[in-house]
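# Residue-level structural notes
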Amino acid sequence: MMAKFQGKVAFVTGGSRGIGAAVVQRLADEGAAVAFTYHGSEAAAQTLVTRIRNAGAQAVALQVDVADAQALTRAVNDAARQLGKIDILVNNAGVFSMGNIADVPLETFDQLLDINVRAVFVASKAALAHMGEGGRIINIGSCNAERIPFPDLATYAMTKSALVGLVKGMARDLGPRGITVNNVQPGPTDTDMNPASGEFAGGMHDVMALRRHARPEEIAGMVAYVASEEAGFVTGASLTIDGGFSA
Ligand code: NDP
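About the criteria used
- Residues numbered from 1 in each chain as written.
- Predicted model: local features only at pLDDT ≥ 70, side-chain atom pairs only at ≥ 80, totals over all residues.
- Heavy atoms only, no water.
- UniProt positions renumbered as here; feature names shortened; annotations may be inferred.
- Helix = DSSP H or I, 4+ residues; strand = E, 2+ residues; numbered from the N terminus.
- Patch = residues over 30% accessible without salt bridge, like charges linked within 9 Å, V, L, I, M, F, W, Y side chains within 5 Å.
- Areas by Shrake-Rupley, 256 points an atom, 1.4 Å probe, with all protein chains shown as cover.
- Salt bridge = Lys/Arg side-chain N within 4 Å of Asp/Glu carboxyl O.
- Buried < 20%, exposed > 50% of the residue type's maximum accessible area, 1.4 Å probe, protein only.
- Axes fitted to C-alpha atoms, helices over the stretch in contact; angles between N-to-C directions.
- Left-handed = near helix turned anticlockwise from the far one by under 90°.
- Contact = heavy atoms within 4.5 Å.
- Nonpolar A, V, L, I, M, F, W, Y, C, P; charged D, E, K, R; others polar.
- Phe/Tyr/Trp six-rings, centres within 6.5 Å; stacked < 30°, edge-to-face > 60°.
- Near = heavy atom within 4 Å.
- Polar contact = N/O pair within 3.5 Å; in protein donor to acceptor, adjacent residues only side chain to side chain.
- Parallel < 35°, antiparallel > 145°, perpendicular 65-115°, else oblique.

## As for the UniProt feature "domain: Ketoreductase" (unreviewed entry) in the chain
UniProt's feature table lists "domain: Ketoreductase" (unreviewed entry) at residues 8-219, given in the numbering used throughout. Annotated as residues 8-219, this span is 44% helix and 15% strand, and its ends, taken at the C-alpha atoms, are 20 Å apart.

And the structure:
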């Protein structure tokens, strides 16, 4: 049987660690050629590339700060030149920050917007120049776009809520081109950003139906579904996968 993503090219931002690395691995396992970005984690990025190439698939790692619009656009163009096109864009790179709104510095607010929102717009525009019928744009949002049961999350939640509006509008704009645009909204997921053994883990589990963190591979499974041909009628949606955090 042909692998699900045989002949497809994916571009994933923030593929060096956590959810992004699991997405890169899953798409490559199912036959995609994958280009991904990293920022600081060069060794982890190279390890992932080597693992994928040793398994016989194509992988390219590109170093870029997604807050730098010109550099991000160059990276997308570079990936398309090396791999021929882009069928699947996964906007995953993101940063988290907590703070009472009375204390959050303007610089933090700007940084969250630049990385979690502006970079999604920039990468999507760049990828669209290389994307045809059947294309997929998938953003990693957050269950905090829907529900914020704790203090100190206003600015982070705002960035993920912004993506809800962005995908609805983009889905309308790109439907005529046969391109779908969606958010996958994870709940607590065991990564460096939110370790299952972290100080806030117990409090999060208390508000969940399933009292545990997700594994990054579980989020990658949802991304793989949305990226697949089978999901061709799913667009403009924000699909929550949060163990009942928002229930
Ligand atoms: P991690 O902190 O584990 O990994 C973040 C990834 O993003 C790394 O690959 C990192 O690259 C990259 N990255 C961060 N900043 C930049 C930047 N300026 N330029 C380029 N790359 C950057 O996070 P997660 O895997 O947990 O999170 C991934 C996404 O999932 C984020 O959008 C996050 O908001 C979202 N999310 C996570 C949840 C969780 O509980 N973990 C829950 C809900 C949503 P490098 O290491 O190379 O610097």
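Further notes follow.
## Considerations on a nonpolar patch on the surface
Judged by side-chain polarity, Phe96, Met98, Met193 and Phe200 come together as a nonpolar surface patch covering roughly 370 Å² of accessible area. Among the secondary structure elements, Phe96 is positioned in the loop between strand S4 (88-91) and helix H4 (106-128). By relative accessible area, which is 35% here, Phe96 ends up partly exposed.

## Thoughts on the packing of helix H3 (residues 69-83) against H4
A pair of packed helices is captured by two measures, namely the crossing angle of their axes and the spacing between those axes. At a closest axis distance of 9 Å, the pairing of H3 and H4 adopts a crossing angle of 35°. In the crossing of H3 with H4, the sense of the turn from one axis to the other is right-handed. Residues Ala69, Leu72, Thr73, Val76 and Asn77 of H3 form the contact with H4, whose own contacting residues are Arg118, Ala119, Val122, Ala123, Ala126 and Ala127. Residues that form the contact of H3 with H4 fall into these classes: eight nonpolar, two polar and one charged.

## With respect to the packing of aromatic side chains
Two aromatic rings, taken as a pair, are described by how far apart their centres are and by the angle between their planes. In this structure the tally under the stated criterion is two aromatic pairs. Plain terms: the ring middles of Phe96 and Tyr156 are 4.8 Å apart, the flat faces sit at 75° to each other, and that makes the pair edge-to-face. With Phe96 in the loop between S4 and H4 and Tyr156 in helix H5 (residues 154-174), this pair connects stretches of sequence that are 60 residues apart. An angle of 65° between the planes, with centres 6.4 Å apart, marks the rings of Phe150 and Phe245 as edge-to-face. Placement of the pair is Phe150 in the loop between strand S5 (136-140) and H5 and Phe245 in the segment after strand S7 (238-241), with a sequence separation of 95 residues.

## A look at the side chain of Thr180
Residue placement: Thr180 occurs in strand S6 (residues 180-186). Given a relative accessible area of 6%, Thr180 falls into the buried group. Excluding anything up to four places from it in sequence, Thr180 contacts Gly135, Arg136, Ile137, Gly232, Val234 and Thr235.

## As for the site of the ligand
Arg17, His39, Ser41, Tyr156 and Thr191 are the nearest of the 30 residues found near the ligand. At a separation of 2.9 Å, a nitrogen atom of the ligand approaches a polar side-chain atom of Asp65. Between the ligand and Asn194 there is a distance of 3.0 Å, counted from an oxygen atom to a side-chain nitrogen or oxygen. Counting only elements with at least two residues in the shell around the ligand, the list comes to helix H1 (18-29) and H5. Residue classes in the shell around the ligand are distributed as 12 nonpolar, 14 polar and four charged.

## Digging into unusual backbone geometry
Here Asp152, not a glycine, exhibits a phi torsion of approximately 75°, which is positive. Following the sequence through the fold, Asp152 ends up in the loop between S5 and H5.

## A look at the packing of H4 against H5
The contact between H4 and H5 brings their axes to 9 Å, and the two run at 20°. In terms of their interaxial angle, H4 and H5 are classed as roughly parallel. Considering the relative orientation of H4 and H5, their crossing is right-handed. Of the residues in H5, those touching H4 at Phe109, Leu112, Leu113, Asn116, Val117, Val120, Ser124 and Leu128 are Thr155, Tyr156, Met158, Thr159, Lys160, Ala162, Leu163, Leu166, Met170 and Leu174. Of the residues that constitute the contact of H4 with H5, the class distribution is 13 nonpolar, four polar and one charged.

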